[in-house]
Amino acid sequence: MIFAPPQHGKSELVSVRLPAFWLAKNPDLPVILSSYAASLADSKSEQARNLVESEEYQRLFPDIKVNRTSRKVDFWRLLGHKGYMKSAGVGGPITGHGAGLGIIDDPFENWDRAQSQVYRKHVWDWYRTTFRTRIWENGAIVLIMTRWHKGDLAGLLLDDQGDEWEVLRLPAIAESQEERDKNNEYLGLPVGEPDPLGRAEGDPLCPTRFSINALLSLKKDVGSMGWSAEYQGVPRATEGNRFREEWFKVINEAPAAVIDRAPMVRYWDNAATQDGGCYTAGVLMSVWEHIIYILDVVHGQWSSENRDKVMLSTAQTDAAAYGNRVEVHFEKEGGSSGVDAATAIIKLLSRYPVYADRVSGSKDVRLMPFEAQAEAGNVRLVARPGTKWVRPYIDEFLEIPNGLYRDQSDATSGAYNLLALRDDNVETGSSPIDGYRG
């Protein structure tokens, strides 16, 4: 992954010169190039083809030539070899083509696209189900992009498989070691590393193109959030009108009292749509001495059958970890269908303390008690090694009220509102579960 500011030549180097060089060294290993727009990808492919056909290139690599009968801008082949270059937009036609090198050059066109949860999911699904499946075994992938959002393609890949990627983050203005470590830690990157180019603090990335004065002028014009994301490669989540990132404190483990004897609720906000639509979320929460601990979040898009399997396996996991004292609650829908669904879930989880809850009031009203506690600094997210739910969980809250989904926050408010009723008991250490059945 390469994160570099706009207009610093990253596309020229990676999308034009790298394919030409790659094919010179690996003439039987094709290249696939994708970008947010097919026209942009095709333009880079055409430039790479013209480079291969240039006099200078032919002097360096006289055996590498473009097949004159197959030289379209979006698909051109080498003469006498299996190598080719295929270009397409994100979501465009690459099925039927494989590659030894895959390049993604800016999958998001602009800020608005990257802030759209729907479009971020579209890009993520395209990468997993289409682009990634085109890359051969032992192949390489290069992702170059402007970072617009913590949950963009790069962010999701780093959360899911960070140890498999080598990341080159090139800020427009060199950071101090303290700033670099703080930013890298926030991004999930190694700390303690020097500037990749050995620059001193405050040095511009490419002074012959953008002097320090020009960069500072840009910084003033684009604003702090745009500057941090586009020019320094550190996207900060766009905060809604309600929650702020600093309200969520991440810790490595919960206090022993929480693990050993505090009441716990796993609250489910259920959906039943496979690979699309709304999500199902199950939030495991405890409260001890008026501090809220989010111990785990299960989150996904499942059919009703698969959702029930997840609920059952999660109840089994919770019981094994904490004994059979984790109450399982879920929101009961109205009408006869809601009664039937609730009855089925209660039967499914009959070995565990399980309850159907009929809720009232709007989502916003139900969330207000938890919001007040978060603002007061009373929320802790327990992120054990390998935990992957924390970032998507925080991002959903930061997008309230403008985000597309509210499943994790709905499950959170459901769990907290149940536990808050017994918070006085929690502080004394006595067990409220036997005396409360909602």
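Residues numbered from 1 in each chain as written. Predicted model: local features only at pLDDT ≥ 70, side-chain atom pairs only at ≥ 80, totals over all residues. Heavy atoms only, no water.

Colleague: Can you help me understand the overall build of the chain in this one?
Modeller: Check the secondary structure of the chain and you find 15 helices and 15 strands. Judged by the C-alpha coordinates and their principal axes, the chain covers about 85 × 50 × 35 Å. For the chain, the proportion of its 438 residues judged to be buried stands at 52%. Charge centroids of the chain, computed over 50 positive and 61 negative side chains, lie 4 Å from each other. (Helix = DSSP H or I, 4+ residues; strand = E, 2+ residues; numbered from the N terminus. Buried < 20%, exposed > 50% of the residue type's maximum accessible area, 1.4 Å probe, protein only. Lys, Arg positive; Asp, Glu negative; His and termini not counted. Charge placed at Lys NZ, Arg CZ, Asp CG, Glu CD.)

Colleague: I keep staring at the environment of Asn-183 and nothing clicks. Help me out?
Modeller: The topology assignment puts Asn-183 in helix H7 (residues 177–187). Along the backbone, Asn-183 and Gly-233 are 50 residues apart, and their C-alpha atoms lie at a distance of 9.0 Å. Excluding anything up to four places from it in sequence, Asn-183 contacts Arg-169, Glu-175, Val-234 and Arg-236. (Contact = heavy atoms within 4.5 Å.)

Colleague: How should I be thinking about helix H6 (residues 153–161) in this particular structure?
Modeller: Residues that lie three or four places apart on an α-helix share one face, since the helix turns once every 3.6 residues. For H6, the complete set of buried residues consists of Leu-153, Ala-154, Gly-155, Leu-157, Leu-158 and Gln-161. In the core, the buried residues of H6 are packed alongside strand E1 (2–3), strand E6 (99–105), helix H5 (117–131), strand E7 (135–145) and H7. Structurally, the start of H6 carries an N-cap: the backbone nitrogen of Ala-154 is 3.2 Å from a side-chain oxygen of Asp-152. (Polar contact = N/O pair within 3.5 Å; in protein donor to acceptor, adjacent residues only side chain to side chain.)

Colleague: Would you explain the pattern of salt bridges in this entry?
Modeller: Side chains that carry opposite charge are capable of pairing whenever their charged atoms lie near each other. What the rule picks out here adds up to 22 salt bridges. Note that Arg-169 is salt-bridged to Glu-175, the shortest N-O span being 3.0 Å. Neither Arg-169 nor Glu-175 differs from the other in exposure class; each is buried. The closest approach of N and O atoms between Arg-242 and Asp-364, which form a salt bridge, is 2.9 Å. Separated by 122 residues along the polypeptide, Arg-242 in the loop between helix H8 (212–231) and strand E9 (248–251) and Asp-364 in helix H12 (residues 363–375) bring together distant segments of the chain. (Salt bridge = Lys/Arg side-chain N within 4 Å of Asp/Glu carboxyl O.)

Colleague: Is there a simple way to explain helix H13 (residues 390–398) in this structure?
Modeller: Buried residues dominate H13, accounting for 8 of its 9 residues. Those residues of H13 that fall on the buried side of the exposure criterion are Val-390, Arg-391, Tyr-393, Ile-394, Asp-395, Glu-396, Phe-397 and Leu-398.

Colleague: Can you walk me through the sheet that holds strand E10 (residues 264–269) in this structure?
Modeller: Two orientations exist for strands paired in a sheet by backbone hydrogen bonds: parallel and antiparallel. Taken together, 7 strands build an open sheet; the order of strands is E9-E15-E12-E11-E10-E13-E14 and the sheet is mixed. One side of each edge strand has no neighbouring strand; the edge strands of this open sheet are E9 and strand E14 (354–357). Across the sheet, the axes of successive neighbouring strands diverge by a mean angle of 30 degrees, strand direction being ignored. Two strands pair when backbone bridges link them, and strand E13 (residues 326–331) and E14 are joined in this way by 4 bridges, in the parallel orientation. Across the sheet, residue Phe-330 finds its bridge partner in E14, namely Ala-356. Along the sheet face, helix H10 (residues 304–322) touches E10, strand E11 (280–288), strand E12 (291–300) and E13 and points at about 170 degrees away from the line of E10. The strands that helix H14 (residues 407–420) touches are E10, E11, E12, E13 and E14; relative to E11, the one it contacts most, it runs at about 35 degrees. (Pairing = 2+ DSSP bridges. Axes fitted to C-alpha atoms, helices over the stretch in contact; angles between N-to-C directions.)

Colleague: How should the pairing of strand E4 (residues 75–78) be read in this particular structure?
Modeller: Each regular strand carries side chains that alternate between the two faces of the sheet. With 3 bridges connecting them, strand E3 (residues 66–72) and E4 associate as antiparallel partners. Note on E4: the bridge partner recorded for Lys-72 is Phe-75. Counted along the chain from E3 to the antiparallel partner E4, the turn is 2 residues long. Pairing analysis gives 3 bridges linking E4 to strand E5 (residues 84–89), with the strands arranged antiparallel.

Colleague: When you look at the packing of aromatic side chains in this model, what are you seeing that I'm missing?
Modeller: In this description, an aromatic ring pair is defined by two values, namely the gap between the centres and the angle between the planes. Applying the stated rule across the entire model yields 19 aromatic pairs. With a centroid separation of 6.4 Å and an interplanar angle of 70 degrees, the aromatic rings of Phe-21 and Phe-61 are classed as edge-to-face. Here Phe-21, found in helix H1 (residues 10–25), pairs with Phe-61, found in the loop between helix H3 (55–60) and E3; they are 40 residues apart in sequence, far enough to count as distant. What makes Phe-61 buried here is its relative accessible area of 18%. (Phe/Tyr/Trp six-rings, centres within 6.5 Å; stacked < 30°, edge-to-face > 60°.)

Colleague: Any chance you could explain the environment of Leu-168 here in plain terms?
Modeller: Relative to the helices and strands, Leu-168 is located in strand E8 (residues 168–169). When the C-alpha positions of Leu-168 and Asp-195 are compared, they lie 9.9 Å apart, and in sequence the two are 27 residues distant. Excluding anything up to four places from it in sequence, Leu-168 contacts Met-1, Ile-2, Phe-3 and Pro-196.

None of this, on its own, says anything about what the molecule does.
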